[in-house]
Amino acid sequence: MKKLLKVLTAALCAVLIMIIGANAFVMIYSSPYIVSEDELGGEYDFIAVLGSTVYAGEPKPILRDRLDKAIELYDENVCGVLLMTGDGSGDYYNEVNVMKNYAEERGVKPTDIVCDSEGLSTYASAYNAKNIYNADRMIIVTQKYHVYRAVFLARRMGIKAYGVACDSENANYGYVFYRHLREIVARVKDLLFSIAKPDPKSIPDF
């Protein structure tokens, strides 16, 4: 029994070390490329907006903050093309259409919007940006807890990506513990994906 307990303890420690190490690697790797708006310069192919939950044809707060920041950068002529990437796979649930409509209602020209309806995960969005939309230099707009992984994946795909955190002041998106726990696990998963680079159509959404 004691021997089994030792084995289980050692296995648990190994898993924890792997999780902590993977998260530290992703965040340290990405940190130099997480910038403020004032630090953005040069030419970019896209401002990428990563999809999130929509309801009744409207973006929920997390996605709305991403869109508002991207539109702000667009209005400031930082980059003239928005890449809307998210789940556009359903007739009754379509993040990308909601994102596109929201941006157009706020003055973004339809011709300045590119839609990736197969961005079913952060990994898929990064993979598609490089392999379908030929992104070379890109701004990624998302929340601070998520921006490290998003930039990491884009950089691993060969994109010169820079992340801008879009958390609004006093933002309260709910389910904070769940979101951070999920992100910790996702960083481990996407570190492995960044090595293997599988086609996202061949892997489950996460």
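Up top is the structure.
Calculation notes
- Residues numbered from 1 in each chain as written.
- Predicted model: local features only at pLDDT ≥ 70, side-chain atom pairs only at ≥ 80, totals over all residues.
- Heavy atoms only, no water.
- Pairing = 2+ DSSP bridges.
- Helix = DSSP H or I, 4+ residues; strand = E, 2+ residues; numbered from the N terminus.
- Axes fitted to C-alpha atoms, helices over the stretch in contact; angles between N-to-C directions.
- Contact = heavy atoms within 4.5 Å.
- Expected span 1.5 Å × (residues − 1).
- Buried < 20%, exposed > 50% of the residue type's maximum accessible area, 1.4 Å probe, protein only.
- Parallel < 35°, antiparallel > 145°, perpendicular 65-115°, else oblique.
- Nonpolar A, V, L, I, M, F, W, Y, C, P; charged D, E, K, R; others polar.
- Patch = residues over 30% accessible without salt bridge, like charges linked within 9 Å, V, L, I, M, F, W, Y side chains within 5 Å.
- Areas by Shrake-Rupley, 256 points an atom, 1.4 Å probe, with all protein chains shown as cover.
- Salt bridge = Lys/Arg side-chain N within 4 Å of Asp/Glu carboxyl O.

### Re the sheet that holds strand β6 (residues 137–142)
And step 1. Here five strands make up an open sheet; going across it, the order is β5-β4-β1-β6-β7 and the pairing parallel. Only two strands of the sheet have a single partner each, and these edge strands are β5 (113–116) and β7 (160–165). Pairs of neighbouring strands in the sheet enclose a mean axial angle of 25 degrees, with direction left out of account.
And step 2. Alignment of strand β4 (residues 82–85) against β5, held across four bridges, turns out to be parallel. By the bridge assignment, L82 is partnered in β5 with I113.
And step 3. Sheet strands touched by helix α2 (residues 61–75): β1 (46–50), β4, β6 and β7. Its angle to β1, the strand with the most contacts, is close to 170 degrees.

### Structural notes on α2
And step 1. When the terminal C-alpha atoms of α2 are compared, their 21 Å separation across 15 residues agrees well with the 21 Å that a helix rising 1.5 Å per residue should span.
And step 2. For α2, every residue scored as buried is listed here: I62, L63, D65, R66, L67, K69, A70, I71, L73 and Y74.
And step 3. Phi for N77, located one or two positions after α2, is positive at around 65 degrees.

### Side note on the packing of helix α5 (residues 144–156) against helix α6 (residues 176–196)
And step 1. At a minimum axis separation of 10 Å, α5 and α6 run at an interaxial angle of 5 degrees. Between α5 and α6, the angle falls in the class roughly parallel. Along the contact surface, α5 presents Y145, H146, R149, F152, L153 and R156, while α6 presents R179, H180, R182, E183, A186, R187, K189, D190, L191, S194 and I195.
And step 2. Residues belonging to the contact of α5 with α6 are distributed by class as follows: six nonpolar, three polar and eight charged.

### A word on the environment of Y102
And step 1. Within the secondary structure, Y102 sits in helix α3 (residues 95–105).
And step 2. For Y102, a relative accessible area of 5% corresponds to the buried category.
And step 3. Taking C-alpha positions, Y102 is 8.7 Å from R64, a pair spaced 38 residues apart along the chain.
And step 4. Each residue touching Y102, except ones within four places of it in the same chain, is listed here: E58, P59, R64, L67, D68 and I71.

### Describing a nonpolar patch on the surface
And step 1. Together, F177, L181, I184 and V185 line one region of the surface with nonpolar side chains, adding up to about 380 Å² of accessible area.
And step 2. Within the secondary structure layout, L181 lies in helix α6.
And step 3. Overall, L181 belongs to the partly exposed group, its relative accessible area being 42%.

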